[in-house]
Each structure stands twice: as C-alpha cells, then as structure tokens.
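Observations on chain architecture
One letter stands for each residue in the lines below.
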Amino acid sequence: MSISLSPSSPPLPSHHLPHAHRVCPNSPPMSVLRRLTLPLYSRHRSSSTRRLLSYISAAAVRQDTAIWTQAPLSLVEPAAESLFHLAIDVSDSPDLASSHTRAGQYLQLRVPDVGKPAFLAIASPPTYASERGVFEFLVKSVAGSTAELLCGLKKGDVVELSLAMGNGFDVDRISPPEEYHTVLIFATGSGISPIRSLIESGFSADVRSDVRLYYGTRNLQRMAYQDRFKDWESSGVKIVPVLSQPDGIWTGETGYVQAAFTRAKRISSPSCTGAVLCGQKQMAEEVTSILVADGVPTDRILKNF
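Report follows, based on the coordinates. This structure is a prediction, so every number in the text was calculated from the model and none was measured.

Looking at the element boundaries, Gly152 is found in the loop between helix 5 (146-151) and strand 7 (158-161). Assessed through its relative accessible area of 62%, Gly152 is described here as exposed. The sequence separation of Gly152 and Val76 amounts to 76 residues, and the corresponding C-alpha distance is 8.3 Å.

Written out as structure tokens, the structure is:
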C-alpha cells in the first residue's frame, strides 16, 4: 500500500545491526535538497509548499540513514486481483524482528541493486516476528513500480528491509474497552493490510459491544483476506464488505465505505467511540469529517501515518 510520510515520525536508530549495511538509495543528495530549500522557505512561499518540501526532506533523510537488512522470501502468492501476499523470513535478524512493536507500523522494502524502495505496512501482527521470525505484507502490483518487482519474485529470493517505522495504531487512546465500547474501522483496497495486523494483534474487540469493519474494494475479486473473515468475526469484529462496482448477484453494501457508514451510523455514544482508518485519502478525510460532526473526539480517531 502507499504510505504518507510525516516529518514528525521518529528517526531510525543509528547503531549497526547484524546482516545489515548502510546504503545511499537513488534519491536527491541532501546537499541538493539544501540548495533547493533555501529560497522556498522564504516568507513569501505558501504553507502548502513548505509542508510539501518538509515531506520530501524527511523522506530523503530516512533513505540516507536507512540500515538495510537482507532476508529471503518464504512465500509469494496471489491474495486477490492485483494483490500479492509476501512473507519474509527475518529469523536470522532479531533486531529487525524486534523493531515491529505495534500494529500499523511500516517499513521500506526493496529488491537489491534496484534503487527506489517501497514503503509497505506490515500485515502480520508483531507476534509473528517475535515468535515465528516472519514479516508478512499485502502488496499491490503497480506497473513500473518496486512493488511490481517484489510481486514477481519467488520463494528464496533475497530482498532488503529497513527497520519498522512509525507509531502505528495507538490503541491506548481507545482504552479501556469497557469505556470505549464502540470501535469503527474503515479500510479500502490494500489499506486492509495494517488493519489485519490490528485485528490479529487483539484490541479487546470481544469485550466491546460494537466493533465494525467497513472494508471497501471494487469487487469481491479485489477483496483480500476473505479467508480470515470468519476468524475476525469470532474475535468480535463485524465485517461489512462494501463494493463500489459489484457484479449482478451482490446483495450487500454498495458504493463507498463512507456512504455505507452514513446509511448505517448507529453511534449510541460518540464520546465513548473510537475509530481506526487506513486507505484512500478521500475516504479517510470524509469519514473523519462525519465522525467529528457526530461528536467523536478527534484524538480517538486513529491513523497509522
């Protein structure tokens, strides 16, 4: 999935890791960025220009300081139309495995000797890394991208990973579950990847009275993790699939997830409601506006970026 970088994300640690090496990806050198940024930060430039430049600078700093660890693929298989399930064996890289501490984190992943890395959310829960020595990803194959190269690899091929980054989903903000008894989860496309990590990590869904996942895709052929829905529902999460272009036999929710939620709503106590969002930017913005208008506190709306 695509990750929006934030300049407030913590920097990567500078210590060396076993099986790791520092490299400089094919990104603009910091000296170039410094020459470009000086005039743009004048008082006459717009705030949107300054924000964009800060994002570019933050991305360049991350790539300049990234520590890359090589690890083999243990699984590459289709997950849905244009989506692939990738598993990477990190059992020989304990520092890399231990960097994944919270659902919603992401990392950089690339094919060796191919410059630009992909930023991908980790789909597996943190326990998979610590107990099984594996990272799992849901990767959308986009023509001409690093993601397409990754999806074309096979078991045993070696890739390079950075440490896990980002704060992930801070579920402490919607705890204790007895107080925040309603949690509304929204995902579109490959944005379901970190949501899977959240659900399978556990956030006391079975203790809460109303936990719903609105999961939107174009059609069922593009909907990943359908084989996991039964287990997710057993854990206390009600799955609401939403199809924007369904076939003729579909009788469930249609359109976009924000519209499906607006039709259903049923927020009994906004002050005791939390939400988790991941996916298309327009969806996240519109759902946030709807929730805030209904009285859900903004600090109870969790995002992983």
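Turning to helix 6 (residues 192-201), a few remarks are in order. Given 3.6 residues to a turn, an α-helix orients residues that are three or four positions apart in the same direction. With eight of 10 residues buried, helix 6 lies mostly within the body of the structure. Looking only at helix 6, the buried set comprises Ile192, Ser193, Pro194, Ile195, Arg196, Ser197, Leu198 and Ile199. Taken from the residues just after helix 6, Gly202 is the one with a positive phi, measuring 90 degrees.

Here we come to helix 9 (residues 281-293). Its 13 residues place the ends of helix 9 18 Å apart at the C-alpha level, agreeing with the 18 Å of an ideal helix rising 1.5 Å per residue. For helix 9, the complete set of buried residues consists of Met283, Ala284, Val287, Thr288, Ile290 and Leu291. Taken around the axis of helix 9, the buried residues stretch over an arc of 165 degrees, which confines them to a single face. Counted as exposed and oriented over 90 degrees from the buried face of helix 9: Lys281 and Ala293. For helix 9, the secondary structure elements touched by its buried residues are strand 8 (182-188), helix 8 (257-264), strand 12 (273-278) and strand 13 (301-302). Trailing helix 9 by a residue or two, Gly295 shows a phi angle of about 105 degrees, which is positive.

Moving on, we get to the environment of Trp232. Position of Trp232 relative to the elements: it lies in helix 7 (residues 229-234). Expressed as a C-alpha distance, the spacing of Trp232 and Arg196, which sit 36 residues apart in the sequence, is 8.8 Å. Leave out the neighbours within four places in its chain, and Trp232 touches Ile192, Arg196, Ile199, Glu200, Leu213, Tyr225, Val237 and Ile239.

Once that is clear, we can look at the packing of helix 8 against helix 9. Contact pair helix 8 / helix 9: the axes reach a minimum separation of 9 Å and the direction vectors enclose 20 degrees. Regarding the angle of helix 8 to helix 9, the classification is roughly parallel. When you trace helix 8 past helix 9, the crossing you get is right-handed. Along its contact with helix 8, which presents Val257, Gln258, Phe261 and Thr262, the element helix 9 presents Gln282, Met283, Glu286, Val287, Ile290 and Leu291. Per-class residue counts for the contact of helix 8 with helix 9 are six nonpolar, three polar and one charged.

On to the packing of aromatic side chains. With the rule as written, the count across this model stands at eight aromatic pairs. Each ring, one from Phe135 and one from Phe137, has its centre 6.4 Å from the other, and the planes form 85 degrees; the classification is edge-to-face. Exposure class is identical for Phe135 and Phe137. Each is buried. In this structure an aromatic cluster arises from ring pairing among Tyr215, Tyr225, Phe229 and Trp232. It is Arg110 that lies over the ring of Trp68; its NZ or CZ is 4.2 Å from the centre. In this structure, Arg132 is placed above the aromatic ring of Tyr128, and the distance from its NZ or CZ to the ring centre is 3.9 Å.

Rules used in this analysis
- Within every chain, residues take consecutive numbers counted from 1 along the sequence as written.
- Residue-level local features of this predicted model are given only where pLDDT is at least 70; pairs of side-chain atoms are given and counted only at 80 or more, and the full residue set underlies all totals for whole chains, interfaces and linings.
- Neither water nor hydrogens contribute to the side-chain values; these are computed over all heavy atoms in the structure.
- Only DSSP runs of H or I covering at least 4 residues are called helices, and only runs of E covering at least 2 are called strands; the numbering of each starts at the N terminus.
- Here the term buried applies to any residue with accessible area under 20% of the maximum for its type, exposed to any over 50%, and partly exposed to those in between, with areas from a 1.4 Å probe on protein chains only.
- Helix span, expected: 1.5 Å multiplied by one less than the number of residues in the helix.
- The arc refers to the directions leading from the helix axis to the C-beta atoms.
- The contact criterion used throughout is that any non-hydrogen atoms of two residues lie within 4.5 Å.
- Axes, fitted as lines to C-alpha atoms, cover a helix only where it is in contact. Angles between the N-to-C directions of the axes lie from 0 to 180 degrees.
- Oblique is the label for every angle not falling under 35 degrees (roughly parallel), over 145 degrees (roughly antiparallel), or within 65 to 115 degrees (roughly perpendicular).
- When the near helix sits turned anticlockwise from the far one by under a right angle, the crossing is termed left-handed; a clockwise turn instead gives a right-handed crossing.
- For this classification, the nonpolar set comprises Ala, Val, Leu, Ile, Met, Phe, Trp, Tyr, Cys and Pro, the charged set comprises Asp, Glu, Lys and Arg, and every other residue, Gly included, is treated as polar.
- Each pair of aromatic rings taken from Phe, Tyr and Trp, with Trp reduced to its six-membered ring, is defined by centres within 6.5 Å and is described as stacked if the planes are under 30 degrees apart, edge-to-face if over 60, and tilted in the remaining cases.
- We call a charge positioned over a ring when the NZ of a Lys or the CZ of an Arg lies within 6 Å of the ring centre and within 35 degrees of the ring normal.

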